[in-house]
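# Chains, contacts and geometry: an overview
As a plain string of letters, each chain reads:
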Amino acid sequence: MADSIRTKAIVLNSIRWQDSSKIVSLFTENAGIVKVIARGAFRSNSPFAGKLESMLIVEAIILVKESRSLQILKEIEVTDTLSRIKSDMNIYPYGFAILEIVSQLFNDHPADPVFYNFIVTMLESIQKIKNPAVVILYLLLKVASYLGFKPNLQTCQSGEMQNCDQSVFLSLDDGSIFCKNCGIIGSNILKLKREEFYYLKNLQNWNHRRITDIINDHPNLDNLTQLMLNYINFHLEHELRMSALHMLGK
Ligand SMILES: [Zn+2]
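Residues numbered from 1 in each chain as written. Predicted model: local features only at pLDDT ≥ 70, side-chain atom pairs only at ≥ 80, totals over all residues.

Our focus in this paragraph is helix H6 (residues 221-235). An ideal rise of 1.5 Å per residue puts 21 Å on 15 residues; H6 measures up with 22 Å between its terminal C-alpha atoms. Inspection of H6 places Leu224, Thr225, Leu227, Met228, Leu229, Tyr231 and Ile232 among the buried residues, and these make up the whole buried set. Those residues of H6 that are buried are in contact with helix H4 (133-146), strand E6 (167-171), strand E8 (189-193) and helix H5 (194-204). (Helix = DSSP H or I, 4+ residues; strand = E, 2+ residues; numbered from the N terminus. Expected span 1.5 Å × (residues − 1). Buried ≥ 20, exposed ≤ 12 C-beta atoms within 10 Å, placed from the backbone. Contact = placed C-beta atoms within 7 Å.)

So this is what it looks like as structure tokens:
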């Protein structure tokens, strides 16, 4: 017997399957990533027409059987098209970068409604914020926390930073911050300027619902994003990639 579940979801991608169907990958609020068959999706009168494209926010009814790796899509309705992302080539790659992160992180990960809703907020935010690259950096900071290795961007090891050098270091091993005046500098470290550290610290403490209020981006945003990606990948068995940003020449 299959169970019928109703869940909110983000469409990650879909591929053609046999003559007239599609296999669709959904990031669901209540069941993690679920692969479903949309039977007859390519028929002209299909109720699924136009509802299975990447980056649509939907509500789906899925017939689930634990013993199957592919589930069956019964019904689907679009609740948000995120149309600005798709119509603006300056935003689009950031939207796909977010989906890429979700696809890689949640491939074998249990459902997490809180993280699902956080991702929806991030997708909505890149449509409104002045520089969507800020959202990607913010997302990486939160992903590090989510995976259990939140960088400790509080103080240099001496406590206050008056005596600190202009360059500080992020320890890959434990996410702590120190400079050559304060700490013993180990080998697994990433260098950043003090003002970059302050920018990251401020961003890490920012409320995700107010991320679109950030009007100051940072001249080295790309470097900081790469730094966070390197930090995360130091801890992961499978490297996290964001190929979508190559579309922007990054
Ligand atoms: Zn210091």
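Now for unusual backbone geometry. Phi at Gln18 takes a positive value of approximately 55 degrees, unusual for a residue other than glycine. With respect to the helices and strands, Gln18 occurs in the loop between strand E1 (3-17) and strand E2 (21-28). Positive phi, close to 45 degrees, is recorded for Leu82, a residue that is not glycine. Mapped onto the elements, Leu82 comes out in the loop between strand E5 (71-80) and helix H1 (83-87).

Looking now at the packing of H4 against H6. The geometry of H4 relative to H6 is characterised by a closest axis approach of 10 Å and an angle of 20 degrees between their N-to-C directions. For the element pair H4 / H6, the angle class is roughly parallel. When the axes of H4 and H6 are compared, the crossing they make is left-handed. Counting all contacts with H4, which are made through Ala133, Val134, Ile136, Leu137, Leu140, Leu141, Val143 and Ala144, the residues of H6 involved are Leu221, Leu224, Thr225, Met228, Leu229, Tyr231 and Ile232. (Axes fitted to C-alpha atoms, helices over the stretch in contact; angles between N-to-C directions. Parallel < 35°, antiparallel > 145°, perpendicular 65-115°, else oblique. Left-handed = near helix turned anticlockwise from the far one by under 90°.)

Along an α-helix, a turn takes 3.6 residues, which lines up residues three or four apart on a common side. Over its 14 residues, helix H2 (residues 92-105) runs 20 Å from end to end, which matches the ideal 20 Å to within 8%, given 1.5 Å per residue. All of the buried residues in H2 are Pro93, Tyr94, Gly95, Ala97, Ile98, Leu99, Ile101, Val102 and Leu105. Contact partners of the buried residues in H2: E1, E2, H1, helix H3 (113-126) and H4.

For the chain, mean pLDDT is 92; residues scoring 70 or higher make up 98% of the total. Taking the mean pLDDT of every element in the chain, the minimum, 86, falls on strand E7 (residues 177-178) and the maximum, 98, on E5. (pLDDT = per-residue confidence, 0-100.)

Moving on, we come to the sheet that holds E1. Read around the closed barrel, five strands run E1-E2-E3-E5-E4, paired in mixed fashion. The average angle at which neighbouring strand axes cross in this sheet is 50 degrees, direction not considered. Here two bridges tie strand E3 (residues 32-38) to E5, and the two strands are oriented parallel to one another. Bridging across to E5, Ile37 finds its partner in Ile72. (Pairing = 2+ DSSP bridges.)

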